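# Structural characterization, general
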Amino acid sequence: MSCVIGVDLGGTKIAVAAVDAEGRVRARRKAPIDKAATVAQIAGLAGQVLDEAGLAWPEIAAAGVAVPGIYFAETGSAWAPNLWGADKVPLRDELQQHLPAPVVIDCDRAAYVLGEQWLGAARGLTEVVFLAVGTGIGAGIITNGRLCRGAAGIAGAVGWFALDPRKKEIYRQVGCFEAEAAGPAVARRAAADTAEAVVAAARQGDAHARHVLEETAAWLAMGVANIVSILNPQMVVLGGGLMQAGELLLEPLRREMLEWAQPQAARQARIELTQLGEDAGLLGAARLALLQETGAV
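Residues numbered from 1 in each chain as written. Predicted model: local features only at pLDDT ≥ 70, side-chain atom pairs only at ≥ 80, totals over all residues. Heavy atoms only, no water.

### With respect to the sheet that holds strand β2 (residues 13-20)
Strands belonging to one sheet form pairs held by backbone hydrogen bonds; the direction of such a pair is parallel or antiparallel. Pairing in this open sheet of five strands is mixed, and the strands run β3-β2-β1-β4-β7 from one edge to the other. Edge strands, defined here as strands with exactly one partner in the open sheet, are β3 (25-32) and β7 (103-107). Strand-to-strand twist in this sheet, taken as the mean axis angle between neighbours without regard to direction, amounts to 15°. One ladder, built from five bridges, connects strand β1 (residues 3-9) with strand β4 (residues 60-67); its direction is parallel. In the sheet register, Ile5 faces β4, and the bridge partner there is Ala63. On the sheet, helix α3 (residues 91-98) packs against β4 and β7 and is oriented at approximately 145° with respect to β7. Sitting on the sheet, helix α4 (residues 108-119) touches β2, β4 and β7, and the angle it makes with β7 is about 100°. (Pairing = 2+ DSSP bridges. Helix = DSSP H or I, 4+ residues; strand = E, 2+ residues; numbered from the N terminus. Axes fitted to C-alpha atoms, helices over the stretch in contact; angles between N-to-C directions. Contact = heavy atoms within 4.5 Å.)

Below, the structure written as structure tokens:
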């Protein structure tokens, strides 16, 4: 049975796992990311995972890597400003020099949607969007059973949805949807240190915190409505740090989305929370590697 290495790169952490073709995690490691030596760190953690799983590199079909940014498949370079600054990095070539297995790379939002379609809430569906709502907002898209990447790998940058004609200065920096509906927006509206603090207060019954989350849900509903109207998905899966608020956001979002989206598309689209949580990217990276092995990626 084929095994692959999955690598999920985040802004502050790195997760690496050995995963078999059925989605079983044979071994995993997680560590704070070393931005100055990321490739060497990936190789080192992958070696540790293989040792723990009792595997060797000749038994690994491929390695899949999810990057928090944009991956340019034609050149093999990655743009991930939270990791390596504004310059593009020749990630594929560097990884291939350190890993004795074929390497396949994609953006993290592509990995999220692949993970959920493979083993999570959208298992087996062919028209799926994963909306990641955390510090930022982005979407992974599967349509007709295949990833949608766009002309330059930028498809899914939905944080830039134009939802407000006021053109605030912050919209020029991160996009309107992200500025109004991501975690920092929640903290800003509530005059709190973090979105997590606002969610905790709402769970304790704080009226202002609940109002802030309701307002945020209204913005999220508009963004999801646009996704539903343009892509007509079977399901939109909601994940990312802010969606740990669960039903505090989910139910008002579902209700408000129906007011904005194309009616027939809205009625048949399911809006669900992630089942894989923070493992969506890791398992999606493994899925990338498995699909590469079959030529389906």
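### Observations regarding the packing of aromatic side chains
Under the definition given, this model contains two aromatic pairs. Geometrically, the ring pair formed by Tyr112 and Phe130 is tilted, given 5.2 Å between the ring centres and 40° between the ring planes. Taken as a pair, Tyr112 in helix α4 and Phe130 in strand β8 (residues 128-133) lie far apart in primary sequence, 18 residues in all. The exposure class assigned to Tyr112 is buried, which follows from its relative accessible area of 19%. Summarising the aromatic geometry, the rings of Phe161 and Phe177 are spaced 5.9 Å apart at their centres and angled 20° between planes, so their arrangement reads as stacked. Taken together, the residues span a long stretch of sequence, with Phe161 in the loop between β10 (146-147) and α5 (169-174) and Phe177 in helix α6 (residues 176-181) at a distance of 16 residues. (Phe/Tyr/Trp six-rings, centres within 6.5 Å; stacked < 30°, edge-to-face > 60°. Buried < 20%, exposed > 50% of the residue type's maximum accessible area, 1.4 Å probe, protein only.)

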